[in-house]
Amino acid sequence: MARRSTVATLPRALLERCNALIRDGHTIEEILVALQGLGAQVSRSAVGRYVKSAREVMEKHRQAQDVARVWVDKLEAEPAGDVARLLPEMLRVVAFQSLTTMGEADKPAKPMDVMLLAKALKDIAGTTKANLDIEKQLRAMRAELKTVAVEVEGAVRQAGLSEETVGQIKARILGVGERT
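Residues numbered from 1 in each chain as written. Predicted model: local features only at pLDDT ≥ 70, side-chain atom pairs only at ≥ 80, totals over all residues. Heavy atoms only, no water.

A. Spotlight on helix H1 (residues 12–23). Taking 1.5 Å of rise per residue, twelve residues should cover 16 Å, and H1 covers 16 Å from first to last C-alpha, within 8% of that figure. Inspection of H1 places Leu14, Leu15, Cys18, Asn19, Ala20, Leu21 and Ile22 among the buried residues, and these make up the whole buried set. Positive phi appears at Gly25, one or two residues downstream of H1, with a value of about 85°. (Helix = DSSP H or I, 4+ residues; strand = E, 2+ residues; numbered from the N terminus. Expected span 1.5 Å × (residues − 1). Buried < 20%, exposed > 50% of the residue type's maximum accessible area, 1.4 Å probe, protein only.)

Structure below.
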């Protein structure tokens, strides 16, 4: 097992200061001077490794936030779309990956972690079933609307309305443009 970074073993206040300097974009040299000025006994190479690792984590976090923002926007725009169906599957994959890595770790899995993952999987299954039920209901409603639209179309044609008016009424019933 690799040795823990000397920077990571600093007292909490110094570590928080170091992380703040990294977030603010300071150079390794500036961070080193600041830490040594506060009494930390760290080398430039240790600070460099810690800064590199922290910036990689921050970049991954930023990318994850960007992806999440795009997905949330798509989910809000189309709640029953592909993204809504994909998210539970992705969560299921993450949960299963977590379960497999728990067994590979040096330390045995904590019962609480296993319980939380089991609960997450159960919740995902419930969400997936609820989504499928909603989709089924929506399909039935769409089919019913199409039937009503055809019936109304026949009735308004018999009443002598123009093709344009018939198309507008049908589109209004189906909630679409001029298509069916």
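B. Quick peek at the packing of H1 against helix H2 (residues 28–37). The N-to-C vectors of H1 and H2 enclose an angle of 160°; their axes lie 10 Å apart at closest approach. With respect to their mutual orientation, H1 and H2 come out roughly antiparallel. In the crossing of H1 with H2, the sense of the turn from one axis to the other is right-handed. Facing H1, whose interface residues are Leu14, Cys18, Leu21 and Ile22, H2 presents Ile31, Ala34 and Leu35. Split into classes, the residues belonging to the contact of H1 with H2 amount to seven nonpolar, no polar and no charged. (Axes fitted to C-alpha atoms, helices over the stretch in contact; angles between N-to-C directions. Parallel < 35°, antiparallel > 145°, perpendicular 65-115°, else oblique. Left-handed = near helix turned anticlockwise from the far one by under 90°. Contact = heavy atoms within 4.5 Å. Nonpolar A, V, L, I, M, F, W, Y, C, P; charged D, E, K, R; others polar.)

C. Region of the structure containing the side chain of Asn19. Following the sequence through the fold, Asn19 ends up in helix H1. With residues up to four places along the chain from it excluded, the contact list for Asn19 reads Tyr50 and Met58.

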